[in-house]
Amino acid sequence: TYFEALNRLVRADRREAFAMNGRSRRPPRDRMNALLSFLYAMWMNDCRSACEAAGLDAQVGFLHALRPGRAALALDLVEEFRPFADRLALSLVNRAQVNADDFDIREGGAVALRDDARKTVVVAFQERKQEPLTHPLLAESLPLGLVPLVQARLLARCVRGDADAYIPFTTK
């Protein structure tokens, strides 16, 4: 239902090229899923680094199944940042910063971003992470890019018994 609604947020004149029929990954089967997968992967890397910087084992999580080589805790933490990836994907598409011809459709139906488009997405992602926001728990302004580290530290405090509960990051 969520991804069905996400389709409706794409500008009408770009909807056909960026239509998605639900979430598909490994491999993504359409342009929007390819874009989302790339953005989610970048947030995942930031969350893995944040967990490790906070002294947490990124492989052992709460929400995601434990599998060898899978950073379950980082996947848990990245859930808080998916809306930022979704919003950036919609902005890139609706502002025509990413276009239909920025993707390769491979044999078997997999869709992938081309190298030049990846650069555009990485630049937009890095710019977005510099934007300040007020952390709801800390009541301080900080760049979005630092929030995974703050959240990982808050989670570490909870895991170690220094805090009663973990409060996930949400925006208003």
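Residues numbered from 1 in each chain as written. Predicted model: local features only at pLDDT ≥ 70, side-chain atom pairs only at ≥ 80, totals over all residues. Heavy atoms only, no water.

It is not clear to me how the side chain of Asn7 should be interpreted in this structure. Could you clarify?
Inspection of the secondary structure puts Asn7 in helix α1 (residues 2–8). Discounting residues that sit within four places of it in the chain, Asn7 has contacts with Arg15, Phe18, Ala19 and Met20. (Helix = DSSP H or I, 4+ residues; strand = E, 2+ residues; numbered from the N terminus. Contact = heavy atoms within 4.5 Å.)

Explanation requested: the layout of surface pockets in the structure shown.
In this approach a probe as big as a water molecule rolls over the atoms, and the regions it shows empty are the leftover space. When its volume is computed, the largest pocket comes out at roughly 440 Å³. When contributions to the lining of the largest pocket are tallied by element, the ones reaching two or more residues are α2 (31–53) and α3 (72–78). Ranked by the residues each element gives to the lining of the largest pocket, the list is headed by α2, at four residues. Considering only residue class, the lining of the largest pocket consists of six nonpolar, two polar and six charged. (1 Å grid on protein atoms, 1.4 Å probe; cavity = no way out; pocket = protein on both sides within 12 Å on 5 of 7 lines; lining within 4 Å. Points joined across faces, edges and corners; volume = space filled by probe spheres on them. Nonpolar A, V, L, I, M, F, W, Y, C, P; charged D, E, K, R; others polar.)

Looking at this model, I keep getting lost on the pattern of salt bridges. Mind explaining?
Oppositely charged side chains are able to pair whenever their charged atoms sit close together. Tallying each qualifying case throughout the model produces seven salt bridges. Here Asp13 ties to Arg11 by a salt bridge, and the two come within 2.6 Å at their closest N and O atoms. With a relative accessible area of 58%, Asp13 lands in the exposed category. Between Arg118 and Asp115 there is a salt bridge; the shortest N-O distance is 2.1 Å. Of the two residues, Arg118 and Asp115 are both situated in helix α5 (residues 115–130); the distance of three residues between them amounts to about one turn of the helix. Using a relative accessible area of 29% as the deciding quantity, one classes Arg118 as partly exposed. (Salt bridge = Lys/Arg side-chain N within 4 Å of Asp/Glu carboxyl O. Buried < 20%, exposed > 50% of the residue type's maximum accessible area, 1.4 Å probe, protein only.)

Is there a simple way to think about the environment of Arg157 in this case?
Note on placement: Arg157 falls in helix α6 (residues 147–159). Not counting chain neighbours up to four residues away, the residues in contact with Arg157 comprise Asp162 and Ala163.

Explain a nonpolar patch on the surface here, please?
A cluster of nonpolar residues, Phe62, Leu63 and Val159, forms a patch on the protein surface that exposes about 360 Å² of accessible area. In this fold, Val159 is placed in helix α6. With relative accessibility at 48%, the residue Val159 sits in the partly exposed group. (Patch = residues over 30% accessible without salt bridge, like charges linked within 9 Å, V, L, I, M, F, W, Y side chains within 5 Å. Areas by Shrake-Rupley, 256 points an atom, 1.4 Å probe, with all protein chains shown as cover.)

In this structure, what is going on with the packing of aromatic side chains? I would like to understand it.
When we look at a pair of aromatic rings, we describe it by the centre distance and by the angle of the planes. Taken as a whole, this structure holds eight aromatic pairs when the rule is applied. Where Trp43 meets Phe81, the ring centres are 4.9 Å apart and the plane angle is 15°; that geometry is what we call stacked. Here Trp43 is found in helix α2, whereas its partner Phe81 is found in the loop between α3 and α4 (82–94), with 38 residues between them in sequence. Where Trp43 meets Phe125, the ring centres are 5.2 Å apart and the plane angle is 85°; that geometry is what we call edge-to-face. Remark: Phe125 occurs in helix α5 and Trp43 occurs in helix α2; sequence separation between them is 82 residues. An aromatic cluster of three or more residues is present, and its members are Trp43, Phe81, Phe84, Phe125 and Phe169. Here the guanidinium or amino end of Arg82 rests over the ring plane of Tyr40, the centre of that ring lying 4.4 Å away. (Phe/Tyr/Trp six-rings, centres within 6.5 Å; stacked < 30°, edge-to-face > 60°. Lys NZ or Arg CZ within 6 Å of the ring centre and 35° of its normal.)

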